[in-house]
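# Fold and geometry: a report
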Amino acid sequence: MYNFNHERWGLIVQTLRFARVCYEEAFKYASKRKTFGKPLIKHQSIRMKLAEMIRKIESAQCWLESITYQLTTMKKKESNMKLGGAIALLKTHASKTFEFCAREAAQIFGGAAYTRGGVGAKVEALYRDVRAYAIPGGSEEIMMDFGSREAVKKFERFSRM
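Along each chain, residue indices are assigned from 1 in the same order as the chain's sequence is written. Two thresholds apply to this predicted model, a pLDDT of at least 70 for residue-level local features and 80 or more for giving and counting side-chain atom pairs, whereas whole-chain, interface and lining totals are computed over all residues. To obtain the side-chain values, all non-hydrogen atoms of the structure were used and water was disregarded.

### Some words on the overall build of the protein
Going along the chain from the N terminus, every DSSP run of H or I of four or more residues is numbered as a helix, and every run of E of two or more is numbered as a strand. A count of helices and strands for the protein gives five helices and two strands. N-terminal to C-terminal, the α/β element order of the protein is α-β-β-α-α-α-α. The C-alpha extent of the protein, read off along each of the three principal axes, is 65 × 30 × 25 Å. The 161 residues of the protein split such that 41% are buried. Throughout, a residue-residue contact means that at least one pair of heavy atoms, one from each residue, lies within 4.5 Å. Expressed as a percentage of contacts within the protein between residues at least 6 apart in sequence, the contacts between residues at least 24 apart total 73%. Only the protein chains shown count as cover for residues, with accessible areas throughout obtained via the Shrake-Rupley method and a probe of 1.4 Å. For the protein, the exposed area adds up to about 9200 Å²; of that, 60% sits on carbon and sulfur atoms. Where the 29 positive side-chain charges of the protein centre and where its 16 negative ones centre are 4 Å apart. Think of it in three bands: with a 1.4 Å probe and only protein chains considered, a residue is buried below 20% of the maximum accessible area for its type, exposed above 50%, and partly exposed in between. Within this scheme the basic residues Lys and Arg register as positive and the acidic residues Asp and Glu register as negative, but His and the chain ends are omitted. Positions of charges follow a simple convention, taking NZ of Lys, CZ of Arg, CG of Asp or CD of Glu.

Next comes the structure, spelled out in structure tokens:
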């Protein structure tokens, strides 16, 4: 399972970028679109959606930066042994974040997110592709199982000391 670390890292980078595109597009749309005489972004429920999206994106980005630093400073054998589980869990976190952001962006866009052209075209395309980024490199269930098994191994190894 360790030999997929760099593939998973690449998928994490892509999914977080796509999640951020969903957020950016939704933010821009909500700033322009008017409902009930005021911009959509002035509605508290829309701001809460945007806040939850960026909260998830930024937490995953922080974890990605930490993993990236470790990947670049550790020897390959060491990073394979120490980071496989964390990368697997981060892949799941990133794909779930992307799925959440795509869904929330579609909610903000309304019907415009379901047409292949127009203002919601990017969100429509990304929402359609969400599962295509969750499955390669290991499905979410397999990644979560792998990550938790690695954590148990580390706990058992260090609890003997």
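That covers the picture; the talk isn't over yet.
### A closer look at a nonpolar patch on the surface
What makes a patch is a set of residues exposed beyond 30% relative accessible area and free of salt bridges, joined within 9 Å when like-charged and within 5 Å when nonpolar (Val, Leu, Ile, Met, Phe, Trp, Tyr). One speaks of a salt bridge when a side-chain nitrogen belonging to Lys or Arg is within 4 Å of a carboxyl oxygen belonging to Asp or Glu. A contiguous nonpolar surface patch, about 240 Å² in accessible area, is contributed by Trp-63, Leu-89 and Met-144. You can see Met-144 is positioned in helix H5 (residues 140-159). For Met-144, a relative accessible area of 41% corresponds to the partly exposed category.

### As for the packing of aromatic side chains
Geometry of aromatic contacts follows a simple scheme: Phe, Tyr and Trp rings, the Trp one being its six-membered ring, pair when their centres are within 6.5 Å, and the pair is stacked under 30 degrees between planes, edge-to-face over 60, tilted otherwise. Under the counting rule described, the total for this entry stands at five aromatic pairs. Look at Phe-18 and Tyr-133: their rings are 5.2 Å apart centre to centre, the planes differ by 75 degrees, and that puts the pair in the edge-to-face class. Of this pair, Phe-18 sits in helix H1 (residues 5-32) while Tyr-133 is found in helix H4 (residues 121-134), placing the two residues 115 residues apart along the sequence. A relative accessible area of 19% places Tyr-133 in the buried class. Here Tyr-23 and Phe-27 contribute two aromatic rings whose centre-to-centre distance is 5.9 Å and whose plane-to-plane angle is 45 degrees, an arrangement assigned as tilted. Taken as a pair, Tyr-23 and Phe-27 lie in helix H1 at a separation of four residues, close to a single helical turn.

### Considerations on helix H3 (residues 76-109)
The largest bend in H3 amounts to roughly 55 degrees and is located at Leu-83. Just downstream of H3 lies Gly-110, where phi reads positive at about 65 degrees. Bend is computed residue by residue as the angle between axes fitted to the seven residues ending at the residue and the seven residues starting at it.

### Regarding the side chain of His-43
With respect to the secondary-structure elements, His-43 resides in the loop between strand E2 (38-39) and helix H2 (44-73). Within 3.5 Å is the distance limit for a polar contact, defined as a pair of N or O atoms, with the added protein rule that one can donate a hydrogen and the other accept it, and that residues adjacent in sequence qualify only through two side-chain atoms. Separated by 2.8 Å, the side chains of His-43 and Thr-35 make a polar contact. Discounting chain neighbours no more than four positions away, the residues touching His-43 are Thr-35, Phe-36 and Lys-38.

### Observations concerning the confidence of the model for the protein
For the protein, per-residue confidence averages 93 on the pLDDT scale, and residues scoring 70 or more make up 98% of the total. Note on scores: pLDDT gives the predictor's confidence for each residue, bounded by 0 and 100. By mean pLDDT, H5 is the weakest element of the protein at 88, and H2 is the strongest at 97.

### Quick look at the pattern of salt bridges
Under the definition given, this model contains 14 salt bridges. Between Arg-131 and Glu-140 there is a salt bridge whose closest N-O contact spans 3.8 Å. In this structure Glu-140 comes out as buried when scored by relative accessible area, which is 7%.

### What about the packing of H2 against H3?
When two helices pack together, their arrangement is given by the angle between their axes and by how far apart the axes lie. For the pair H2 and H3, the least separation of the axes is 9 Å and the interaxial angle reads 160 degrees. Taken together, the axes of H2 and H3 lie roughly antiparallel to each other. At the point where H2 passes H3, the crossing takes the left-handed sense. Note on residue classes: Ala, Val, Leu, Ile, Met, Phe, Trp, Tyr, Cys and Pro are nonpolar, Asp, Glu, Lys and Arg are charged, and everything else, Gly too, is polar. Its residues assigned to classes, the contact of H2 with H3 comprises 18 nonpolar, six polar and four charged. Simply put, an axis is a line fit to the C-alpha atoms, just over the touching stretch for a helix, and the angle between two N-to-C directions goes from 0 to 180 degrees. Geometric relationships in this document are graded by angle, where less than 35 degrees denotes roughly parallel, more than 145 denotes roughly antiparallel, 65 to 115 denotes roughly perpendicular, and other angles denote oblique. What makes a crossing left-handed is the near helix being turned counterclockwise from the far one by less than a right angle; a clockwise turn instead makes it right-handed.

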